[in-house]
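# Close look at the chain arrangement
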Amino acid sequence: MENRGSFGSKLGIILASAGSAVGLGNVWRFPTEVGMNGGAAFILIYIACVMLMGIPLMTAEFIVGRHTHKNPVDAYRTLAPKTGWVFQGIMGVFAAWFILSYYSVVAGWTLKYLVSAVADQVTTMTDSAAYFTEFTQNAWMPVVAMAAVLLMSHWVIVRGVQGGIEKYSKMMMPMLLLIIAVLVVCSFAMPGSDTGLRFLLKPDFTKINGDVLLSAMGQAFFSLSVGMGCLCTYASYFTDDAKLMKTAGSVALIDTSVAVMSGFIIFPAVFSVADVAPDAGPGLVFITLPTVFQTAFAHAPLIGWLFAVMFYTLLLLAALTSMMSLHEPVTSFLIERFAMKRRTATSVVTFSCIALGTLCAMSFGPLADVRWLFGMTFFDFFDFVSAKIIMPLGGFLLSIFVGWYLPKDLVVKEITNNHALHFPRWLFVGFFFLIRWVAPMAIVAIFINELVS
Ligand code: PFF
């Protein structure tokens, strides 16, 4: 079997894990959720979810991966031999494969918009809604775009852990953070941006209800990539001196900052254009923003062009680093279970995802009338199964596995790097309380709410 490889530095570990977490969920989904759920109050609840559930669950996933140094299936098999827990690993690998297939479709849209932005079409289009519909309904363009981004992720994954994932995360993440910083400054400088800032900074607690609470939790899980095989696989390449809780905390901090900053980019810009609504939903970055770029920069088209190019580059970089983390669990599973070469395993994943992704990409055009369960298109079905069923279920099982099944000793040893690190007692008490009680109960609540709605 091939050498598994490992990350070469702590910075590489943090940037790769943050790359998994920071994705379309931050730049596309988070602002959409904030817009639809009332602004600042949603953000506060979201931050509470990240701290109370996200960080403990991420640490739990790191424990499983780093302790075993194996792909998710073999990790659970090693920690719980001859039990049904291996199902958790299998589900993680399947979920990653499923998510990668439809996530690549939206990543493909960002590639298309980046190309359009460079060609100066985004700032000159006359009807942004029609442009978006025409593109997504086209028979082949979304498929070509999806395949192109999958091949980009393939290019990285085939190079392995240090020469691929780590090297490219170290290049892409700083670029992404720099672009975010520049865009935040530009967005603040727009006239009328203070209304957007108020929307993001002044909480209106009357908007909070059960639904908003559960949306915030769901968003936190998706954004932090917890409950799948991704972080567990990355952790299997962590070195023995990596500090698991600190890494989880740093990743959560980077992820949340990027999400909030994306809000700071989008809302001041959106509010600076009078007749554009902040609660436009998923079309926000593909339909609303092009209008904003045009109107806000009508007198300085070159700056509008630059803003659009930087924004869609940001979106593409964010999507790519998350795709890499979805590509790797399936690849490592194939390498280790079926003794495949990395090149072969990566190709199997890439081409099977192109096949599945084609069904999803065509869901807005030629396959729009092909309906599955509850009348869903392929795209909606993949989204529903992975994000609404497998992710909460994966998170729930993870919290039970690490909180209740694994010996407490093993968990403590893993967190403290075999007692080399010293933490105050309250930290362990807090960790076990959150992972044993708070996380599973909260996830059951999300799950029931999703099923009912
Ligand atoms: N966290 C990614 C995002 O915010 O876009 C999406 C994601 C990646 C979800 C990996 C789940 C996952 F396992």
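Residues numbered from 1 in each chain as written. Predicted model: local features only at pLDDT ≥ 70, side-chain atom pairs only at ≥ 80, totals over all residues. Heavy atoms only, no water.

### Details of unusual backbone geometry
Condition: Here's how the labels work: a residue is buried when its accessible area is under 20% of the maximum for its type, exposed when over 50%, partly exposed in between, all with a 1.4 Å probe on protein chains only.
Even without glycine at this site, His69 takes up a positive phi of about 50°. You can call His69 partly exposed: its relative accessible area is 28%. Here the phi dihedral of His419 falls at roughly 70°; this positive angle occurs in a residue that is not glycine. Judged by relative accessible area, His419 falls into the partly exposed class, the value being 47%.

### Details of the site of the ligand
Condition: Whether a residue is near a molecule or strand depends on its heavy atoms: it is near if one of them lies within 4 Å of it. Identification of polar contacts relies on pairs of N or O atoms within 3.5 Å, with a donor-acceptor requirement for protein atoms, meaning one able to donate a hydrogen and the other able to accept it, and with residues adjacent in sequence counted only if both atoms are side-chain atoms. Under the convention used here, a 1.4 Å probe and the Shrake-Rupley method define accessible areas, while residue burial counts only the protein chains that appear. Only runs of H or I of at least four residues qualify as helices and only runs of E of at least two qualify as strands under DSSP, and these elements are numbered from the N terminus. Residue classes follow a fixed rule: Ala, Val, Leu, Ile, Met, Phe, Trp, Tyr, Cys and Pro count as nonpolar, while Asp, Glu, Lys and Arg count as charged, and any other residue, Gly among them, counts as polar.
The local shell around the ligand holds 15 residues, among which Ala21, Gly25, Tyr103, Phe222 and Ser225 are the closest. For the ligand, an oxygen atom lies 3.0 Å from a polar atom in the backbone of Ala21. In the environment of the ligand, an oxygen atom lies 2.6 Å from a nitrogen or oxygen atom belonging to the side chain of Tyr103. Starting from 340 Å² of accessible surface for the ligand in isolation, the protein chains cover 100%. Breaking the shell around the ligand down by element, the ones donating at least two residues are helix H1 (10-21), helix H2 (24-36), helix H10 (210-224) and helix H14 (301-338). In the shell around the ligand, the residues fall into eight nonpolar, seven polar and no charged.

### Details of the packing of helix H5 (residues 86-118) against helix H6 (residues 128-137)
Cut-off, in case you're wondering: With axes taken as lines fitted to C-alpha atoms, and helix axes fitted only over the stretch in contact, angles between N-to-C directions fall between 0 and 180 degrees. We call two directions roughly parallel when the angle between them is under 35 degrees, roughly antiparallel when it is over 145, roughly perpendicular when it lies between 65 and 115, and oblique otherwise. For any helix crossing, the convention is left-handed if the near helix is rotated counterclockwise from the far helix by under a right angle, and right-handed if that rotation is clockwise. For this analysis, residues touch if any pair of their heavy atoms sits within 4.5 Å.
In the contact formed by H5 and H6, the axes pass within 12 Å of each other and the chain directions differ by 125°. The angle between the axes of H5 and H6 places the two elements in the oblique class. In terms of crossing hand, the pair formed by H5 and H6 is right-handed. Side by side, H5 and H6 meet where Trp109, Lys112, Tyr113 and Ser116 of the first sit next to Ser128, Tyr131, Phe132, Phe135 and Thr136 of the second. The class makeup of the residues in the contact of H5 with H6 is five nonpolar, three polar and one charged.

### Details of H5
Spelled out, the test is: Here the expected length of a helix is defined as 1.5 Å per residue gap, with one fewer gap than residues. Fitting axes to the seven residues that end at a residue and to the seven that start at it, the angle between those axes gives the bend at that residue.
Taking 1.5 Å per residue as the helical rise, H5 with its 33 residues ought to reach 48 Å, and the 47 Å between its terminal C-alpha atoms agrees with that figure. Of all the bends in H5, the greatest, near 25°, is centred on Ser104. Judged by how many residues are buried, H5 sits mostly within the fold: 27 of 33 residues are covered.

### Thoughts on a nonpolar patch on the surface
Put simply, the rule reads: Surface patches are drawn from residues lacking salt bridges whose relative accessible area is over 30%; two like charges belong together within 9 Å, two nonpolar side chains (Val, Leu, Ile, Met, Phe, Trp, Tyr) within 5 Å. Here a salt bridge means any side-chain nitrogen of Lys or Arg lying within 4 Å of a carboxyl oxygen belonging to Asp or Glu.
A contiguous nonpolar surface patch, about 430 Å² in accessible area, is contributed by Val370, Trp372, Leu373 and Phe374. Considering the arrangement of structural elements, one finds Phe374 in the loop between helix H15 (342-361) and helix H16 (378-405).

### Considering the packing of aromatic side chains
Quick note on the threshold: Ring pairs shown here join Phe, Tyr and Trp side chains whose ring centres sit within 6.5 Å, with only the six-membered ring taken for Trp; geometry is labelled stacked below 30 degrees between planes, edge-to-face above 60, and tilted in between.
Summed over all chains, the structure comprises 36 aromatic pairs. Between the aromatic rings of Phe7 and Tyr234, the centroid separation amounts to 5.8 Å while the plane-to-plane angle is 85°, which identifies the pairing as edge-to-face. With Phe7 in the segment before H1 and Tyr234 in helix H11 (residues 230-235), this pair connects stretches of sequence that are 227 residues apart. Its relative accessible area of 1% is what places Phe7 among the buried residues. Ring centres of Phe94 and Trp97 lie 5.9 Å apart, and the angle between their planes is 80°; this geometry places the pair in the edge-to-face category. Highlighted residues: Phe94 and Trp97, both in helix H5, separated by three residues, approximately one helical turn. Take Phe94: its relative accessible area is 47%, and that puts it in the partly exposed class. The partly exposed category is assigned to Trp97, whose relative accessible area is 22%.

### Thoughts on the side chain of His327
With respect to the helices and strands, His327 occurs in helix H14. Since its relative accessible area comes to 0%, His327 is described here as buried. In this structure the side chain of His327 is engaged in a polar contact, spanning 3.1 Å, whose partner is the side chain of Thr350. Setting aside residues no more than four positions away along its own chain, His327 makes contact with Leu100, Leu150, Ser153, His154, Ile157, Thr346, Val349 and Thr350.

By themselves, these figures tell us nothing about what the structure is for.
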